[in-house]
Amino acid sequence: MAYAELVLVPTPGMGHLVSMVEIAKLLIDRDPRLSITVLIMKLPIDSEVDSYTSSLATSMDATRIRFVHLPRVNSDPEISSGTFLAHFMESNKPHVKQAVADLAESAGSIWRLVGFVIDMFCTTMIELADEFGVPSYVFFTSSAAFLGLMLHLQSLQDEQHMDITKFKDSDTELDFPSFTNPLPAKVLPSKVRIKEAVQPFLEHAKRIRAVKGIIINTFDELEPHAVGSLASLGAPTVYSVGPILNLKGETKTKADGGGRGDDIMEWLNEKPPSSVVFLCFGSGGSFGEDQVKEIAYALERSGHRFLWSLRRPPPKGKFELPRDYTDPAEVLPEGFLERTAGVGKVIGWAPQNAVLAHPAVGGFVSHCGWNSTLESIWFGVAVATWPLYAEQQFNAFELVAELGLAVEIKMDYRRDFRMESGFIVTADEIEGGIKKLMEDASSERWKKVKDVSEKSRKALMEGGSSHLALGHLVDDILNNMP
Ligand SMILES: O=c1ccn([C@@H]2O[C@H](COP(=O)(O)OP(=O)(O)O[C@H]3O[C@H](CO)[C@@H](O)[C@H](O)[C@H]3O)[C@@H](O)[C@H]2O)c(=O)[nH]1
């Protein structure tokens, strides 16, 4: 029997790669006839990817999942972040093509190529799937609503000839089919705000319309309206298979301050249930010193116990991700660590899932990356929103206004990747958000969080919506077998 072979092309940043690897695991667990090759492109900024994939390679059945690391391409990290990804993908195309050709040659009677699964930002690779004569599926690492937004904006531009960038800094609200509420233009994603980034962004939407299916990391019960809106926005068959989470493994090495975080768990073990507020801002989140001080004042004044993942911004002008501080005291207010020693802990990279799973954690100040959002839902921890860049403002709006699952610290604050915002969220605003989050455990919102958390677990169980959707996806993929 020959395996049905899928080629996966993730965007090689942790926020995209990890859920792509998890869907690969789900697929091969679901059907013994499937095998998968994951092509890892080398991004100049995310050094964690190598250690993450090499730790995976040793823990997996190499006949069913393989990782192929593509050669480094000559991509200039100084080019504007608006078009960086598009250039990066184009430069990687010949390597992807070669890797698939090598794979096909070595396959013999063992594998038959049945399709590509392509990350939402790698859609230019669809051309290659066409060349190899197999269908493409897109893996969408953000919400169904965000997919709806991409499709909607693209049709506003291409069919109604609207200049999308005019929404930048506008107070307008848009009619948006994937939400029941009007959408404030201020929460539109960063890419819509940068002239040269709009076109590549909307090109993805155009190409997504033409694929055989879209696999979304969401579940029907979380976003019923948004999922229901996608067909009328021109989406092909949609498979809501989430939440796809990396619950077992850690994603960072000890060297980066990650690892299992035993000291953090021990610290949490001594705290009463639901008493700790956890602050964490994803793989690209960091603040300048003035903002760090405001957060510190807010935490101290709120009187709540806290666990704060505080990371150092990359050097000015460098296209890099944040790193841990050797000594966070250098940016904190004088004496802060001593004064808060009994109630708070400042850490670097956090073992986020283990923290959210801990009963002592009662609230999460989050940048609203979609993985963090799904993790907070899975563990039933309410969120206070503090989005930074990408589509995080849009996610925050969905959580607060559309789904009623979060409180707002900020919704339209923007600290674009690599760029200082020049805008400070004050200690008063942060303190207010934290208090609302931590002192409101009997509210409607809190009940909703618990309810949707239960639904997220049911969705993955046998007979649950996401479990069924994955089954339909596997059937469709196997039908591509020549
Ligand atoms: O200290 C940390 C910080 C992050 N994480 C994990 O890293 C992942 C971060 O993913 P996410 O919350 O989605 O944030 P980003 O890394 O910022 O993700 C990028 O990709 C997401 C998915 O497309 C988008 O929603 C975001 O806007 C984009 O910035 C999550 O699994 C976290 O649990 C940790 O374990 N420890």
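Residues numbered from 1 in each chain as written. Predicted model: local features only at pLDDT ≥ 70, side-chain atom pairs only at ≥ 80, totals over all residues. Heavy atoms only, no water.

1. A look at the site of the ligand
By nearness alone, 21 residues border the ligand, and Ser283, Ala350, Ser372, Glu375 and Glu391 come closest of all. Here the ligand has 690 Å² of accessible area as a free molecule, and 92% of this is covered by the chains. Contributions of two or more residues to the shell around the ligand are made by α1 (14-30), α12 (370-378) and α13 (392-402). In this structure, the shell around the ligand is formed jointly by two domains, domain 1 (3-247 + 459-479) and domain 2 (258-439), each of which donates at least three residues. (Near = heavy atom within 4 Å. Areas by Shrake-Rupley, 256 points an atom, 1.4 Å probe, with all protein chains shown as cover. Helix = DSSP H or I, 4+ residues; strand = E, 2+ residues; numbered from the N terminus. Domains from an automatic or database assignment.)

2. Focus: the sheet that holds strand β16 (residues 383-385)
Strand order in this open sheet of six strands is β14-β11-β10-β15-β16-β17, and the pairing throughout is parallel. In this open sheet, the two strands that pair with only one neighbour each are β14 (344-347) and β17 (406-408). The average undirected angle you get between the axes of adjacent strands in this sheet is 20°. The sheet contacts of helix α9 (residues 289-302) involve β10 (276-280) and β11 (305-309), and relative to β11 the element is tilted by about 160°. (Pairing = 2+ DSSP bridges. Axes fitted to C-alpha atoms, helices over the stretch in contact; angles between N-to-C directions. Contact = heavy atoms within 4.5 Å.)

3. Things to note about the confidence of the model for the protein
On average, the protein scores 90 in pLDDT, and the residues at 70 or more come to 92%. In the predicted structure, residues 251-258 sits below a pLDDT of 50 and forms 22 contacts with residues beyond four places in sequence or in another chain. At the level of chain-chain contacts, confidence expressed as ipTM amounts to 0.99, with global pTM at 0.94. (pLDDT = per-residue confidence, 0-100.)

4. Focus on the pairing of β11
In terms of burial, β11 is a largely internal element, four of the five residues being buried. In terms of handedness, the path from β10 via α9 over to β11 forms a crossover that is right-handed. In this sheet, β14 lies alongside β11 in parallel orientation, the contact comprising four bridges. Opposite Phe306, over in β14, you have Gly344 as the bridge partner. (Buried < 20%, exposed > 50% of the residue type's maximum accessible area, 1.4 Å probe, protein only. Right-handed = clockwise from strand over helix to strand, strands pointing away.)

5. Section: the environment of Lys206
Here Lys206 is to be found in helix α6 (residues 195-208). Residues Lys206 and Ile216 lie 10 residues apart in sequence; the distance between their C-alpha atoms is 17 Å. With residues up to four places along the chain from it excluded, the contact list for Lys206 reads Gln154 and Asp158.

6. Remarks on the side chain of Lys410
Tracing the backbone through its elements, the reader meets Lys410 in the loop between β17 and α14 (427-438). A distance of 2.9 Å separates the side chain of Lys410 from the side chain of Glu429, its partner in a polar contact. Not counting the four nearest positions on each side in its chain, Lys410 is found in contact with Thr385, Trp386, Pro387, Phe423, Val425 and Glu429. (Polar contact = N/O pair within 3.5 Å; in protein donor to acceptor, adjacent residues only side chain to side chain.)

7. Quick word on α1
The end-to-end C-alpha separation of α1 is 24 Å, in line with the 24 Å expected for 17 residues at 1.5 Å each. In terms of burial, α1 is a largely internal element, 12 of the 17 residues being buried. If you check which residues of α1 are buried, you get Met14, His16, Leu17, Val18, Ser19, Met20, Val21, Glu22, Ile23, Ala24, Leu27 and Ile28. (Expected span 1.5 Å × (residues − 1).)

8. Quick notes on empty space enclosed by the protein
According to the stated counting rule, one finds four cavities of 30 Å³ or more in the structure shown. Size it by volume and the second largest cavity reaches roughly 70 Å³. Residue lining of the second largest cavity: 10 residues in total, with Met41, Lys42, Leu43, Val49 and Asp50 positioned closest to the centre. Here the residues of the lining of the second largest cavity sort into six nonpolar, one polar and three charged. (1 Å grid on protein atoms, 1.4 Å probe; cavity = no way out; pocket = protein on both sides within 12 Å on 5 of 7 lines; lining within 4 Å. Points joined across faces, edges and corners; volume = space filled by probe spheres on them. Nonpolar A, V, L, I, M, F, W, Y, C, P; charged D, E, K, R; others polar.)

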